[in-house]
Amino acid sequence: MRGHESSVFSISVHASGRYAITTSSDTAQLWDLDTFQRKRKLNILQSVGIQKVFFLPLSNTILSCFKDNSIFAWECDTLSCRYQLPAPPESSSILYKVFAVTRDGRILAAGGKSNHLHLWCLEAKQLFRIIQMPTKVRAIRHLEFLPDSFDAGSNQVLGVLSQDGVMRFVNIQTCKLLFEIGSLDEGISSSVISPHGRYIASIMENGSLNIYSVQALTQEINKPPPPLVKVIEDLPKSKLNSGDLKIKVTTGRVLRPAKSRENKIQTRILKQDLAGSFENKENELSDGLNKKRLQVLLKGYGEYPMKYRMFIWRSLLQLPENHTAFSSLEDKGVHVAFLNLQQKYPIKSRKLLRVLQRTLSALAHWSAIFSDTPYLPLLAFPFVKLFQNNQLICFEVVATLIINWCQHWFEYFPNPPINILSMIENVLAFHDKDLLQHFIDHNITSQLYAWPLLETVFSEVLTREEWLKLFDNVFSNHPSFLLMTVVAYNIHCRAPLLNCSLKDDFEYFFHHRNNLDISVVIREVYHLMDTTPTDIHPNSMLHVFVALTKGQYPVFNQYPKFIVDYQTQERERIRIDELDYLRERQMVEDMQAEVDQQRVEDEAWYQKQELLRKAEETRRELLLQEEEKMIQQRQRLASVKRELKVKEMHLQDATRRRFLKLQQDQREMELRRLDDEIERKVHMRDREIATTAKDLEMRHLELESQKRHYEKNLIGNQEAVAKEMREDANAFRQKVDLEEHMFHKLIETDQTQNQKTQKLIEENLAKAGQACLNADWRIQALYKQRCDDLRRNECYQEVARLLRENRRKETEVLDAMMGEEAKKWEEAKEKDFHLKSEKKASALADASRKWFLEKEINGALEHAERPYSKAVPRYQIGQVASSCLPRTSQLNDISEMDSSTCISLNQRRIQWDTMERELAERVRNLRQRLTVQARNRRRPPPLLAT
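A short tour of the structure in this document, coming up. Not measured: the values here are computed from a predicted model.

1. Some points on the overall build of the chain
Working step 1: Helix and strand content of the chain: 24 helices and 21 strands.
Working step 2: Buried positions account for 36% of the 946 residues belonging to the chain.
Working step 3: A sequence separation of at least 24 residues applies to 60% of the contacts in the chain between residues at least 6 apart.
Working step 4: Entry remark: accessible area of the chain is about 58900 Å², with carbon and sulfur atoms responsible for 54%.

2. Topic: the pairing of strand β16 (residues 176–181)
Working step 1: Looking at chain direction, strand β15 (residues 167–171) and β16 are connected through five bridges and run antiparallel. Within β16, the residue paired with Met 167 across the bridge is Ile 181.
Working step 2: Counted between consecutive antiparallel strands, the loop separating β15 from β16 contains four residues, among which Cys 175 sits at a positive phi close to 55°.

3. Topic: the sheet that holds strand β19 (residues 209–213)
Working step 1: The three strands lie next to each other as β17-β18-β19, forming an open sheet whose pairing is antiparallel. Two strands bound the open sheet, and with one partner strand each, they are β17 (188–193) and β19. Strand-to-strand, the axes of this sheet are offset by a mean angle of 20°, without reference to chain direction.
Working step 2: Where β17 meets strand β18 (residues 199–204), five bridges bridge the pair, whose relative direction is antiparallel. Paired with Val 192 across the bridge in β18 is Ala 201.

4. Comments concerning helix α6 (residues 323–331)
Working step 1: By the burial criterion, the buried members of α6 are Ala 325, Phe 326 and Leu 329. All buried residues of α6 fall inside an arc of 95° around its axis, so they share one side. Turned more than 90 degrees off the buried face of α6, the exposed positions are Thr 324 and Asp 331.
Working step 2: Packing partners of the buried residues in α6 comprise α8 (350–366) and α10 (391–405).
Working step 3: Backbone geometry just after α6 places Gly 333 at a positive phi near 85°.

5. A word on the nonpolar core
Working step 1: Of all hydrophobic cores here, the largest spans 104 residues; its most connected members are Trp 366, Leu 454, Phe 458, Trp 467, Phe 471 and Phe 475.
Working step 2: Examining the composition of this core, we find that eleven residues originate from one element, α10, more than from any other.

6. Some thoughts on unusual backbone geometry
For residues other than glycine, phi is negative in most cases, and the peptide bonds are mostly trans.
Working step 1: The phi torsion at His 408 lies on the positive side, around 65°, for a residue other than glycine.
Working step 2: As for its position among the elements, His 408 is in the loop between α10 and α11 (418–431).
Working step 3: Of note, the phi angle at Phe 458 is positive, near 65°, even though the residue is not glycine.
Working step 4: We classify Phe 458 as buried; its relative accessible area is 1%.

7. What about the packing of helix α15 (residues 464–475) against helix α19 (residues 518–531)?
Working step 1: It is at 10 Å that the axes of α15 and α19 come closest, and there the two elements cross at 20°. With respect to each other, α15 and α19 are oriented roughly parallel. In this structure, α15 meets α19 at a crossing whose hand is right-handed. Taking contact as the criterion, the partners of Glu 466, Lys 469, Leu 470 and Asn 473 in α15 are, on α19, Ile 518, Ser 519, Ile 522 and Tyr 526.
Working step 2: Class assignment for the residues of the contact of α15 with α19 results in four nonpolar, two polar and two charged.

8. With respect to the pattern of salt bridges
Working step 1: A full pass over the atoms with the stated rule returns 28 salt bridges.
Working step 2: Asp 32 is paired through a salt bridge with Arg 18; the nearest N and O atoms lie 3.8 Å apart. Residue Asp 32 is located in strand β3 (residues 27–32), and its partner Arg 18 is located in the loop between β1 (8–13) and β2 (19–24); the two are separated by 14 residues in the primary sequence.
Working step 3: Assessed through its relative accessible area of 10%, Asp 32 is described here as buried.
Working step 4: In this structure, Lys 831 and Glu 827 form a salt bridge, with 3.1 Å as the shortest nitrogen-oxygen distance. With Lys 831 and Glu 827 both in helix α22 (residues 792–864), this residue pair falls four residues apart, about one helical turn.

9. Quick notes on the sheet that holds strand β8 (residues 81–84)
Working step 1: Pairing within the open sheet is antiparallel, and its four strands lie in the order β5-β6-β7-β8. Bordering the open sheet on either side are β5 (50–55) and β8, each of which pairs with just one other strand. For this sheet the average axis-to-axis angle between neighbouring strands, irrespective of direction, equals 20°.
Working step 2: When strand β6 (residues 61–66) meets strand β7 (residues 71–75), the two strands line up antiparallel, connected through five bridges. Among the inter-strand pairings, Ile 62 is bridged to a residue of β7, identified as Trp 74.

10. Quick look at a nonpolar patch on the surface
Working step 1: Taken together, the side chains of Tyr 199, Ile 203, Leu 209 and Ile 211 make up a nonpolar region of the molecular surface, amounting to roughly 440 Å² of accessible area.
Working step 2: Looking at where Leu 209 falls in the secondary structure, it is placed in strand β19.

11. Observations concerning the packing of helix α16 (residues 480–492) against α19
Working step 1: Interaxial distance between α16 and α19 falls to 8 Å at its minimum, and their mutual angle equals 120°. Comparing the axis directions of α16 and α19 gives the class oblique. Viewed along their axes, α16 and α19 form a crossing whose handedness is right-handed. Mapping the contact onto sequence places Ser 480, Phe 481, Met 484, Thr 485, Val 487, Ala 488, Tyr 489, Ile 491 and His 492 in α16 and Val 520, Val 521, Glu 524, Val 525, Tyr 526, Leu 528 and Met 529 in α19.

12. A few points about the packing of aromatic side chains
Working step 1: For the structure shown, the criterion picks out 30 aromatic pairs.
Working step 2: Taking 6.4 Å as the distance between ring centres and 70° as the angle between the ring planes, the aromatic pair formed by Trp 313 and Trp 467 counts as edge-to-face. Of the two residues, Trp 313 sits in helix α5 (residues 309–317) while Trp 467 sits in helix α15, which places them 154 residues apart along the sequence. Like Trp 313, the residue Trp 467 is buried in the burial classification.
Working step 3: Ring geometry for Trp 409 against Trp 451: centres 5.3 Å apart, planes inclined by 65°, an arrangement best described as edge-to-face.

13. Let's talk about α15
Working step 1: End to end, α15 covers 16 Å across twelve residues, agreeing with the expected 16 Å (1.5 Å per residue, within 8%).
Working step 2: Of all twelve residues in α15, ten are buried, a share of seventy percent or more.
Working step 3: All of the buried residues along α15 are Glu 466, Trp 467, Leu 468, Lys 469, Leu 470, Phe 471, Asp 472, Asn 473, Val 474 and Phe 475.
Working step 4: Contact partners of the buried residues in α15: α4 (291–301), α5, α9 (376–386), α10, α16 and α19.

14. As for a positive patch on the surface
Working step 1: Together, Lys 67, Lys 97, Lys 113 and Arg 138 line one region of the surface with positive charge.
Working step 2: Mapped onto the elements, Lys 113 comes out in the loop between β10 (107–112) and β11 (116–121).

Basis of the calculations
- Residues numbered from 1 in each chain as written.
- Predicted model: local features only at pLDDT ≥ 70, side-chain atom pairs only at ≥ 80, totals over all residues.
- Heavy atoms only, no water.
- Helix = DSSP H or I, 4+ residues; strand = E, 2+ residues; numbered from the N terminus.
- Buried < 20%, exposed > 50% of the residue type's maximum accessible area, 1.4 Å probe, protein only.
- Contact = heavy atoms within 4.5 Å.
- Areas by Shrake-Rupley, 256 points an atom, 1.4 Å probe, with all protein chains shown as cover.
- Pairing = 2+ DSSP bridges.
- Axes fitted to C-alpha atoms, helices over the stretch in contact; angles between N-to-C directions.
- Arc of directions from axis to C-beta.
- Core = buried A, V, L, I, M, F, W, Y, C linked by side-chain atoms within 4.5 Å.
- Parallel < 35°, antiparallel > 145°, perpendicular 65-115°, else oblique.
- Left-handed = near helix turned anticlockwise from the far one by under 90°.
- Nonpolar A, V, L, I, M, F, W, Y, C, P; charged D, E, K, R; others polar.
- Salt bridge = Lys/Arg side-chain N within 4 Å of Asp/Glu carboxyl O.
- Patch = residues over 30% accessible without salt bridge, like charges linked within 9 Å, V, L, I, M, F, W, Y side chains within 5 Å.
- Phe/Tyr/Trp six-rings, centres within 6.5 Å; stacked < 30°, edge-to-face > 60°.
- Expected span 1.5 Å × (residues − 1).
- Lys, Arg positive; Asp, Glu negative; His and termini not counted.
- Charge placed at Lys NZ, Arg CZ, Asp CG, Glu CD.

Any functional reading would require information that these geometric values do not contain.
This is how it looks when you write it as structure tokens:
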């Protein structure tokens, strides 16, 4: 499950157990725990880090909190943003560091480096309460709600772990402090509450694990009122009930169990598996251990158990664990004397270097002399490496070591402690005069064989296990034990030391590890402690062990203050001078860098100019060569152009001649086509006229034969029906007149259509001729414009004149044709009016005739009902007469119609002949004009033609 570039500091699992969210400072990733595949990754800007991303309990919502105090809620399935919480008010704006949510997911608690606690309602999406913790709370390290089986998930009690190591439990509704666990002396590092809210497990700062019963902590709050009558019972003194806890009740403060000294003693005894007695009050330590018994165990086993060594050391040194005082020293930051510690002591572990730097800075802030002590890092480093996870204990161990085992070390500051080294030399002279004489003979002083061991507290010459075993004995004995250890180390190593004769060999020996048995050295130390005379024994000149005071650290001024002040002043002066020197050197270096930069730029500029000059000369030579090549190419190109020009002129001339011939052939073909069309139409007209005449003659013959037949049949009945015949003849004549009028209208319409057709043909012919002329003009202009530039203006004027004349003639023709068209339309309107009147008269005649025929038919039907002889009935005779009478009048009318039709056809033939002659004349004139223009005219440019 890869993907994080920085360390993961939070893992949140969904209530279903299928999904999990892992969070680092730069990203958060959603994982599918069934396939262990990443589903989604949250990428953010580098300037906005992630504080925490987690699932809400019993919900499908993901809550993401960023370092800019923005809080977003996301849907787990779709990963869409559901809402964003608004910014908190400016009056109580804090940077959120820790968060806690109730089990029902309705309330979010957020805190940070402040004593204010913000409570958000996630349903209303607003801040509904700000709780201010006590003034001693400066920062909140952890938040967790206390579950309850009867609150349905709406937890009311919130646990708040602050920077002082105390976890306070408050009711978020009443804002009342219910109880607290932990103390300033035994601070809590981290804590967690069981799912049912019955127990609280806490990891203490001293490394122990405490489990608290919530029922016992809340028993004092939830218990009923005490009875009025109380019985006092005597308890046996030998029996101590560890469950009987004293309750300290103070107005306005929380009810919490007071520390029971006896209970602590009993717990520690069980932990160490020791049976203690309290008879020696002087050797009784603060944690219930007895110094005498520890010394007995140490002499028996040679060292303390590794598991309990740190605890025993803290008890032997009686460390006060002043958190507040150490925090004030630590808050002052890194001392200026140890800013460049990495350069002088390059330590591979960054954490170890940081802890060493903070410890030395705290010592320097505690006493000014430690900022000038050159061997302080060597002295403190083994303890820093041992207590790197607890800086308070590390500081207090080093401070206790300096106060007790480094007595009188700083009286000759900045020189080594001559008085301490003299003590060591006196003891060595008493116990091994030969070794001391060997040192004197080779000019080896105590600053070489004793001081390197003291300033490094034997860390350079011993392994870790040997060093721990040695300091088990050092911390369990008088401060003079350390000085006796130096003498014992030299005496134990006297054989290799007596073989050394060079100073470098001695220096190497006391700065590197040697083969020895530390247990033998320690036994030698105890022997020296017992056999050294009182007058030279360091016990008489060193004070007994004094522990650090509780609350505040003691003042350390056992050094020549004027020397330290003078060194401080000199160091400040040197620092100022060094800053001035560095400033001036920086200015000189900047000026030198500018000069060097300018010189480099000048050299680069000269080199660039030289390169540019050479490049310019090269380019000039290339340019001359290219110009010569260009001249030669231009000459060849000019000759090629001349040849192409000549060929082009020949081709253009040939093309022009071919095109002129093609145009002439096209025009001749068009004229022949027009002649053929005219001849075809004239032939069709003559043939139609002849066919019509033959049809009329045949019709006339038919009518004559019918006339003779009807006259033969109707002679006997003509007189009887003469009157009816005349009436019918009159009606029929009216009808014939109407039909003749319609026929004349038809002829006129045909003439009008023929005129329109003739007009359209003339317009198309004129357009075709004009298009041919325009095409001829364009082609001639294309070929003539390159050689006839001087005569072009003349051609423009001539062509313009011809165009104006042509437009004028076309305008006249169009005007004449439009006038003729107007006249024809007027004549057509008059004839149309006459036709309508005739139609009305014909309709009346038809109506009267229909009435007459109906009357005659009725009379004939009545007559048919009467009996007649076998002769021809009268009804038949009347019917034949009635049927023949109109036919006779019809023959007369048809004769009249034939004569009028012949007259109209003759008139139409005369009109066609006239129009044909005019059209032939116009075509002949147009042909002559086109021929003359093609021979004599010059074509204008395309623009004018267009």
